[in-house]
Amino acid sequence: SLDIEMVVSMATNLTDVIVYEGTDGDDILSQMASDDLAQQMSTSWTFAIDSTMVQTYQEFDAQGQQMFQASGDTDAYPGAPDPPTDMPYLTSVGGTTLSTGANGAYLSEVVWNWGGGTGSSGGISASHKIPTWQIGIDMSQNQGSTVYRNIPDVAMISDEVLEIDRKSVVRERV
């Protein structure tokens with residue numbers, strides 16, 4: 001629900017929110033590609049990848065559909081990242097904790113990490129080469145790779161999100 005809440009609050013010209021549900025990842029993703037209705041899509045779950053899913057991700061890419069995939073919520077990956085977070089046909093999204101002051105003024109933003117294995121995931125792909133947009137970036141300070149894909153690609157607020165409506169302010173941990 002966080003993905004939907006964030007897009008609805010930020011995309012003021014949004015006309016539709018399409019939710020796909022099901023029990024089989026191949027079926028869900030194939031329907032999303034077949035419908036070709038949404039140009040920006042997101043998912044927060046990880047799952048085993050098979051050749052059908054790889055073809056579907058390639059179809060998204062060819063059709064101009066952008067898939068945003070949560071990088072995970074179990075801290076840094078000690079080995080290969082969970083699939084499909086490192087797939088080259090999607091944007092891997094990590095999480096941050098935003099701190100604000102009086103009247104919502106920006107104070108700081110750091111990686112979301114509660115400790116004990118709960119926090120924004122990231123790591124280095126064991127199978128996908130570094131994409132063009134990561135070539136030439138100095139990865140020495142964060143132990144990243146100059147050969148394989150580093151995830152996440154981007155990050156956004158995902159912890160201590162304030163949902164504001166006209167009646168109340170609700171604090172939601174995600």
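Refer to the structure presented above.
First, a word on what this report is: a plain description of the structure on this page. Bear in mind that the values here come from a model prediction, so they are computed numbers and not experimental data.

## Regarding the overall build of the chain
Logical step 1: A count of helices and strands for the chain gives 3 helices and 11 strands.
Logical step 2: Here the C-alpha atoms of the chain give a radius of gyration of 17 Å, agreeing with the 16 Å that 2.2 N^0.38 yields for 174 residues.
Logical step 3: Referenced to the eigenvectors of the C-alpha coordinate spread, the extents of the chain come out at roughly 50 × 40 × 30 Å.
Logical step 4: A buried classification covers 32% of the 174 residues belonging to the chain.

## Observations concerning the nonpolar core
Logical step 1: Within the largest apolar cluster, 13 residues are counted, with the highest numbers of intra-cluster contacts made by Leu 29, Met 32, Met 41, Tyr 57, Phe 60 and Met 67.
Logical step 2: Of all elements in the fold, only helix H2 (25-35) and helix H3 (51-63) reach the threshold of two or more residues within this core.
Logical step 3: Top element by residues in this core is H2. It accounts for 4 residues.
Logical step 4: Setting aside residues no more than four positions away along its own chain, Leu 29 makes contact with Phe 47, Met 53, Thr 56, Tyr 57, Phe 60 and Met 67.

## So, the pattern of salt bridges
Logical step 1: Using the criterion set out here, one finds 1 salt bridge in the structure.
Logical step 2: Its salt-bridge partner being Arg 149, residue Asp 153 comes within 2.2 Å of it at the nearest N-O pair.
Logical step 3: Look at Asp 153 and you get partly exposed, because its relative accessible area is 22%.

Reading the values: the criteria
- Residues numbered from 1 in each chain as written.
- Predicted model: local features only at pLDDT ≥ 70, side-chain atom pairs only at ≥ 80, totals over all residues.
- Heavy atoms only, no water.
- Helix = DSSP H or I, 4+ residues; strand = E, 2+ residues; numbered from the N terminus.
- Rg over C-alpha atoms; globule rule 2.2 N^0.38 Å.
- Buried < 20%, exposed > 50% of the residue type's maximum accessible area, 1.4 Å probe, protein only.
- Core = buried A, V, L, I, M, F, W, Y, C linked by side-chain atoms within 4.5 Å.
- Contact = heavy atoms within 4.5 Å.
- Salt bridge = Lys/Arg side-chain N within 4 Å of Asp/Glu carboxyl O.

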